[in-house]
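Inside the fold
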Amino acid sequence: MNNKRSVLFILVLIIFCSHLVPVLAESEKGRLEIVGVPDDVVAGRYDPDAGIFYADVREIPDALIKVNFDDVQILGYKMEWNTKDNYALFSNDAKLEKDDFELSAQIIEYFGDDKKLIAKDNVLVVTDDAKIYADNLDYDEETDEALFTGNVKVIFEDGELEGQKFLMLLEKSELRFYGSFQGEFNTDNK
Amino acid sequence: MNLTAKTKLIIISFVLIIVTIICYFIYLVWFNPPPPAENIPPSVQLHESRLIGRKDGERQWEILTNSVLQAEGQVTLTEMDKITLFQEQEPYFLVDAEKAIWDRRKNNLELYNAVIVQIDDEFKLESDLLILNEKDSTLTSPGQANIDWQGLAIVSEEMILEMETGLLHLKAGVEIKDREFSWKMSEAIYDLDNDLMDFYGVVIFETEVEKDEQ
């Protein structure tokens, strides 16, 4: 990778990080809505003693679970929320949206007490400038670190990078690549 | 004194009239019950009574009251000391109510401005009108019901409690507050025995605590 491309890559990831941090940091005040459920159909089940709310609207046409934290929105069709442990699990094509980026995965978990977010299976982060694919994304709010693992692929408008593991130290704006990374860029029009 | 026959006849007639009038008044006072007051149907009123409602021989409710008025198949209870609702023959709820009307034909017990408290537990129910139907063992609040249950504050525009199954049907305008969380939905069924709630229709959940407040 030449210096010009490395700088571009780092800039793109910093842009992504600048969006991700506030999303995760503000996730303790919010509103959950389950929409599109007819009045005679069960939308969710709550166990007050355990403090666990469970909803599965996959079989209900036009139904959707929406969670809003200020300007962040999580959309999904199946969720479990332990209100006592401050743990939320979204499964089956969950999406997290904020302004100009989107995180989607089969599973998105948020551990409020530990201040961690985990996305699993078919992780995709889309920004205005790039798409990042990975098997897993682990974000630690305390250390401000985001770890992409498993078949990591970053696609830019004119190229892509592939590897198995890389860590973003968001506060320090550092990127650490583990193992080998392969990159290909189209330099024809530069 | 010499009286003419005509004078004697007049005196005797006068005495007879007086006696007849006196007899009539004696009859009115002694042999005729006083007529019912206007607009009040024939009734029986008892004081310091205990009423017990049973279903299939099992005691369903018991009321100690200072005033019982029965009229046209309805028993109206006021100045009540103690109301106990039973489940499987054991006292289950204690009730404080301003007035109760027992419809003997429908076997309904209506409780006005009632507060129901579960014995040895944390269940409290308040409503302007509660109807205890013994046929299907339900307790219905046709208007707003306020419920406190194990730390939950529940408000519902209508409520039906199935006593035998322990299912609490919350109908229309349901709001549940649990710690700093608030749930809103159109309808919910709360399985009190298993402590599980099913939410129906559109559900809204809101937290009231911001991160900085924790």
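Reading the values: rules and limits
- Residues numbered from 1 in each chain as written.
- Chains lettered and ligands numbered in written order.
- Predicted model: local features only at pLDDT ≥ 70, side-chain atom pairs only at ≥ 80, totals over all residues.
- Heavy atoms only, no water.
- Helix = DSSP H or I, 4+ residues; strand = E, 2+ residues; numbered from the N terminus.
- Buried < 20%, exposed > 50% of the residue type's maximum accessible area, 1.4 Å probe, protein only.
- Contact = heavy atoms within 4.5 Å.
- Areas by Shrake-Rupley, 256 points an atom, 1.4 Å probe, with all protein chains shown as cover.
- 1 Å grid on protein atoms, 1.4 Å probe; cavity = no way out; pocket = protein on both sides within 12 Å on 5 of 7 lines; lining within 4 Å.
- Points joined across faces, edges and corners; volume = space filled by probe spheres on them.
- Nonpolar A, V, L, I, M, F, W, Y, C, P; charged D, E, K, R; others polar.
- Core = buried A, V, L, I, M, F, W, Y, C linked by side-chain atoms within 4.5 Å.
- pLDDT = per-residue confidence, 0-100.
- Salt bridge = Lys/Arg side-chain N within 4 Å of Asp/Glu carboxyl O.
- Polar contact = N/O pair within 3.5 Å; in protein donor to acceptor, adjacent residues only side chain to side chain.
- Pairing = 2+ DSSP bridges.

Along the backbone of chain A there are one helix and 14 strands. Expressed as a percentage of the 190 residues in chain A, the buried residues total 46%. Across chain A, the fraction of contacts at a sequence separation of at least 24, relative to all contacts at a separation of at least 6, is 38%. Carbon and sulfur atoms make up 45% of the accessible area of chain A, which totals about 9300 Å².

All names here are of chain B. What the largest pocket holds in volume is close to 440 Å³. Lining the largest pocket are 23 residues, with Phe86, Gln87, Glu88, Met163 and Glu164 positioned closest to its centre. Taken together, the elements giving at least two residues each to the lining of the largest pocket come down to strand 2 (58-71), strand 3 (74-87), strand 4 (90-96), strand 7 (124-133) and strand 11 (158-162). Looking at the lining of the largest pocket residue by residue, the class counts come to nine nonpolar, six polar and eight charged.

Bringing the nonpolar core into the picture now. A:Ile34, A:Phe53 and B:Phe199 are the most contacted members of the largest nonpolar core, which has 88 residues in total. Once you skip the residues sitting within four places of it in the chain, A:Phe53 turns out to touch A:Leu32, A:Ile34, A:Gly44, A:Arg45, A:Tyr46, A:Met79, A:Glu80, A:Trp81, B:Trp183 and B:Phe199.

Moving on: the confidence of the model for chain A. Residue and element names in this part refer to chain A. For chain A, per-residue confidence averages 79 on the pLDDT scale, and 79% of positions sit at 70 or higher. Within chain A, no element has a lower average pLDDT than helix 1 (residues 3-25), which sits at 42, and none a higher one than strand 3 (residues 52-56), at 93. In this model, residues 1-27 is a region of pLDDT below 50 whose contacts with residues beyond four sequence positions or in other chains number 56 contacts.

Tallying the contact residues gives 25 residues for chain B and 30 residues for chain A. At the junction of chain B and chain A, the tally comes to two salt bridges. Here chain B is connected to chain A by twelve residue pairs in polar contact (both at pLDDT 80 or more). Elements with a contribution of two residues or more to the side of chain B that touches chain A: strand 13 (181-191) and strand 14 (196-207) of chain B. Among the elements that take part in the side of chain B that touches chain A, strand 14 of chain B stands out by supplying twelve residues, more than any other. Tallied by class, the residues present in the side of chain B that touches chain A amount to 13 nonpolar, four polar and eight charged. Across four bridges, strand 1 (residues 31-35) of chain A lies against strand 14 of chain B in antiparallel orientation. Bridging across to strand 14 of chain B, A:Leu32 finds its partner in B:Phe205.

With that settled, consider the environment of B:Gly143. Residues and elements named next belong to chain B. Looking at where Gly143 falls in the secondary structure, it is placed in the loop between strand 8 (138-141) and strand 9 (145-149). You can call Gly143 partly exposed: its relative accessible area is 30%. Separated by 15 residues in sequence, Gly143 and Glu158 have C-alpha atoms that sit 5.2 Å apart. Those residues in contact with Gly143 that lie beyond four places of it in its chain are Ser156, Glu157 and Glu158.

Next up on the list: the environment of A:Tyr110. All names here are of chain A. With respect to the helices and strands, the residue Tyr110 is situated in strand 8 (residues 101-111). On the basis of relative accessibility, which here comes to 10%, the residue Tyr110 falls in the buried class. For the pair Tyr110 and Asn86, spaced 24 residues apart in the sequence, the C-alpha separation amounts to 8.0 Å.

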